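The lines below spell out each chain.
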Amino acid sequence: MWAIQRAPGASRRLTGPRLRGAEVELLRLVESRPGIGIPDAARHLHLEQLGVTLVNRLARDGHLVRETDPADRRAARLLLNGAAERRLADWRRRRTELAGRHLSRLDEADQEALRAALPALRRLSGRRAARHGGRRAR
């Protein structure tokens, strides 16, 4: 059940510098809410203020697109580009592989206990998403 198989020929190399936690969280949020404004992103991520440095770094590195909000020319909307979508897919794949490796080392009783807990964990995740504007944990 926990076995993870890598596609034949798949590379283990990163497609760029490793993304940091805050970078991944912002990219995941923008993926789930394309066009989100910076103040809304800061609220969703429970940050007092979303660091301009973080947004600038992701934009400079080609992961985030800032475009002017047509409703308010002073505001920016955040969007992902293809490079960011590929990086997030790579991040998810690596997380899945890592979890699979660790889960496969558990004995059968522990694996069964985790399988039995999955429905409750999914309900918990759904409640968390409802409280945070529909954003689901991945």
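See the structure printed just above.
Rules used in this analysis
Residues numbered from 1 in each chain as written. Predicted model: local features only at pLDDT ≥ 70, side-chain atom pairs only at ≥ 80, totals over all residues. Heavy atoms only, no water. Salt bridge = Lys/Arg side-chain N within 4 Å of Asp/Glu carboxyl O. Helix = DSSP H or I, 4+ residues; strand = E, 2+ residues; numbered from the N terminus. Buried < 20%, exposed > 50% of the residue type's maximum accessible area, 1.4 Å probe, protein only. Pairing = 2+ DSSP bridges. Contact = heavy atoms within 4.5 Å. Axes fitted to C-alpha atoms, helices over the stretch in contact; angles between N-to-C directions.

**Here we look at the pattern of salt bridges**
Considering all chains together, one arrives at twelve salt bridges under this definition. Salt-bridge contacts for Glu-67 lead to Arg-77; the nearest nitrogen and oxygen are separated by 2.4 Å. In this pair, Glu-67 is assigned in strand 2 (residues 64-69) and Arg-77 in strand 3 (residues 72-80), connecting sequence segments ten residues apart. Judged by its relative accessible area of 25%, Arg-77 is partly exposed. Its salt-bridge partner being Glu-112, residue Arg-115 comes within 3.1 Å of it at the nearest N-O pair. With Arg-115 and Glu-112 both in helix 5 (residues 108-131) and three residues apart, the pair spans about one turn of that helix.

**Some details on the sheet that holds strand 2**
Whether parallel or antiparallel, the strands of a sheet pair through hydrogen bonds between backbone atoms. Spatial ordering of the open sheet is given by 1-3-2, a layout of three strands whose pairing is antiparallel. Only two strands of the sheet have a single neighbouring strand rather than two, namely strand 1 (36-37) and strand 2. In the sheet, strand 1 pairs with strand 3 via two bridges, with the strands oriented antiparallel. By the bridge assignment for strand 3, Ile-36 is matched with Leu-78. The sheet strands contacting helix 1 (residues 21-32) are strand 1, strand 2 and strand 3, and the helix crosses strand 3 at an angle near 100 degrees.

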